[in-house]
Amino acid sequence: MSDGLVELRHEGTVLRGVLSHDTRGLVFEGEGRTIVWDRADIREARDEGGMLELRTARGLYTLALGDLGKLWESRAKGGSAIAEKLLVTEATSATVVGDDVLGLGGDLVVAGAKIAKSPKASSVDRVIFVVSTVADLAKAPAARAVLAPDGILWLVAKAKPDGFREIDALPSLRKEGLRDARGIKLTESWKATRFSAGKSK
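Bear in mind the structure is a predicted one, so any value in this text is a computation, not a measurement. (Residues numbered from 1 in each chain as written. Predicted model: local features only at pLDDT ≥ 70, side-chain atom pairs only at ≥ 80, totals over all residues. Heavy atoms only, no water.)

On any regular strand, side chains alternate: one points to one face of the sheet, the next to the other face. Taken across its seven residues, strand S10 (residues 124-130) has six buried, putting it largely inside the fold. Both strand S8 (residues 93-97) and S10 contribute to a ladder of four bridges, which runs parallel. Within the sheet, the bridge partner assigned to Ala-94 lies in S10 and is Arg-126. Pairing of S10 with strand S11 (residues 147-158), which is carried by six bridges, proceeds in the parallel orientation. (Buried < 20%, exposed > 50% of the residue type's maximum accessible area, 1.4 Å probe, protein only. Helix = DSSP H or I, 4+ residues; strand = E, 2+ residues; numbered from the N terminus. Pairing = 2+ DSSP bridges.)

Right, dumping it as structure tokens:
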């Protein structure tokens, strides 16, 4: 899913599309089809080497997710701890800046956060800034602009990226007056580094 699209297989049919999730469960949209799997209807969810198998009353669905298979398995079971790791709760406002290839927006919704779809300046408690390439850093000023004075900006990047290193982002974010503190592991291949407008902790 290097292009952000997921391959779905079901009873001989192969579709490519986008996978997301919300409070109901998982949602696949692609090639004119929308398929919703309510968590209550998922009898079993199991990642097998990057292939997520969903067993439901409608049969077996297989999603090719690569190194994000385990993450989506936990989401299918309703147990993803991503929002908790990013310090997002019902009391916080949050937004995702950048190409949300991990589906983090869904984690914010499930956590009950106040989603800032068109945030005003200096108004968001948690800004999730997803960066996959150096070119994505052009969005750093926009991410910084909506961050509340006492808020947290999380830089989400691959722990072992091809052609892009997390360290490449530090000058751009420090230029915006942000200070990096600590990094946390989100998945086997993705990490998040915490930034704030105050002093490093």
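The next subject is the pattern of salt bridges. What the rule picks out here adds up to 13 salt bridges. The partner of Arg-46 in a salt bridge is Glu-44, and the shortest N-O contact between them spans 3.8 Å. A single salt-bridge network, built from bridges that share partners, covers Glu-44, Arg-46, Glu-48, Glu-53 and Arg-55. (Salt bridge = Lys/Arg side-chain N within 4 Å of Asp/Glu carboxyl O.)

Take the nonpolar core next. Among the nonpolar cores identified, the biggest contains 37 residues, and Leu-19, Trp-37, Leu-54, Leu-63 and Leu-86 are the most heavily contacted of them. By size, the runner-up hydrophobic cluster in this structure holds 18 residues, among which are Val-97, Ala-116, Val-131 and Leu-170. (Core = buried A, V, L, I, M, F, W, Y, C linked by side-chain atoms within 4.5 Å.)

For the rest of this paragraph, the subject is the sheet that holds strand S9 (residues 114-115). Strands belonging to one sheet form pairs held by backbone hydrogen bonds; the direction of such a pair is parallel or antiparallel. Read from one edge of the open sheet, six strands run S9-S8-S10-S11-S13-S12, paired in mixed fashion. The open sheet has two edge strands, S9 and strand S12 (179-185), and neither has a second partner. Pairing analysis gives six bridges linking S11 to strand S13 (residues 190-196), with the strands arranged antiparallel. Bridge pairing in S13 places Val-156 opposite Ala-192.

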